[in-house]
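# Report on the structure
Spelled out, the chains give:
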Amino acid sequence: MLSLSRRLFCSVVGAGEARLSSILQKKFPAANKIVVHDMSGGCGSMYQVIIESTEFKGLTKVQQHKAVTAALKEEIKEMHGLTIETKVARS
C-alpha cells in the first residue's frame, strides 16, 4: 500500500526527464548525446545523466561533472541523488 500511495503523489513519468534534457541541451548545444533517466520511477528524486560532447575536450572528469552540476544547480536542490556520466565526443 505504501508504494501505491507514494506513486499517486509522483509527477508524470517523463516530465522531469524532459525538463532536465532541455536545460542540458541549452547548456551543451554541441552534445552528440544527452540521456536523462529518472531512476526513482517518476518521482524525480534520483536521476542518471549521460552526456557526450566535444565541449568536454580538455576538461578533467571532475571539471566535466562540475559543468553538468552547475547547469542543473537549481534542479539538484529538489533531488535526493544524481549520477553523471560524461564523455568527450569525437569531433
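Summary of the structure given here. Quick caveat: nothing in here was measured; it's all calculated off a predicted structure.

### Here we look at the sheet that holds strand E1 (residues 31-38)
- Strand order in the open sheet formed by three strands is E1-E2-E3, with mixed pairing between adjacent strands. The two strands at the open ends of the sheet, each matched to only one other strand, are E1 and strand E3 (81-88). Between one strand axis and the next, the sheet turns by 10° as a mean value, whatever way the strands run.
- Relative to E3, strand E2 (residues 46-53) runs parallel, the two sharing eight bridges. Paired with Gln48 across the bridge in E3 is Thr83.
- Along the sheet face, helix H2 (residues 15-27) touches E1 and E2 and points at about 155° away from the line of E1.
- The sheet contacts of helix H3 (residues 61-71) involve E2 and E3, and relative to E3 the element is tilted by about 125°.

### Description of the packing of aromatic side chains
- On inspection of all chains with the given rule, the structure shows one aromatic pair.
- Ring centres of Phe28 and Phe56 lie 5.3 Å apart, and the angle between their planes is 55°; this geometry places the pair in the tilted category. Of the two residues, Phe28 is situated in the loop between H2 and E1 and Phe56 in the loop between E2 and H3; the sequence distance between them amounts to 28 residues. Residue Phe28 shares its accessibility class with Phe56, and that shared class is buried.

What counts and how
Residues numbered from 1 in each chain as written. Predicted model: local features only at pLDDT ≥ 70, side-chain atom pairs only at ≥ 80, totals over all residues. Heavy atoms only, no water. Pairing = 2+ DSSP bridges. Helix = DSSP H or I, 4+ residues; strand = E, 2+ residues; numbered from the N terminus. Axes fitted to C-alpha atoms, helices over the stretch in contact; angles between N-to-C directions. Contact = heavy atoms within 4.5 Å. Phe/Tyr/Trp six-rings, centres within 6.5 Å; stacked < 30°, edge-to-face > 60°. Buried < 20%, exposed > 50% of the residue type's maximum accessible area, 1.4 Å probe, protein only.

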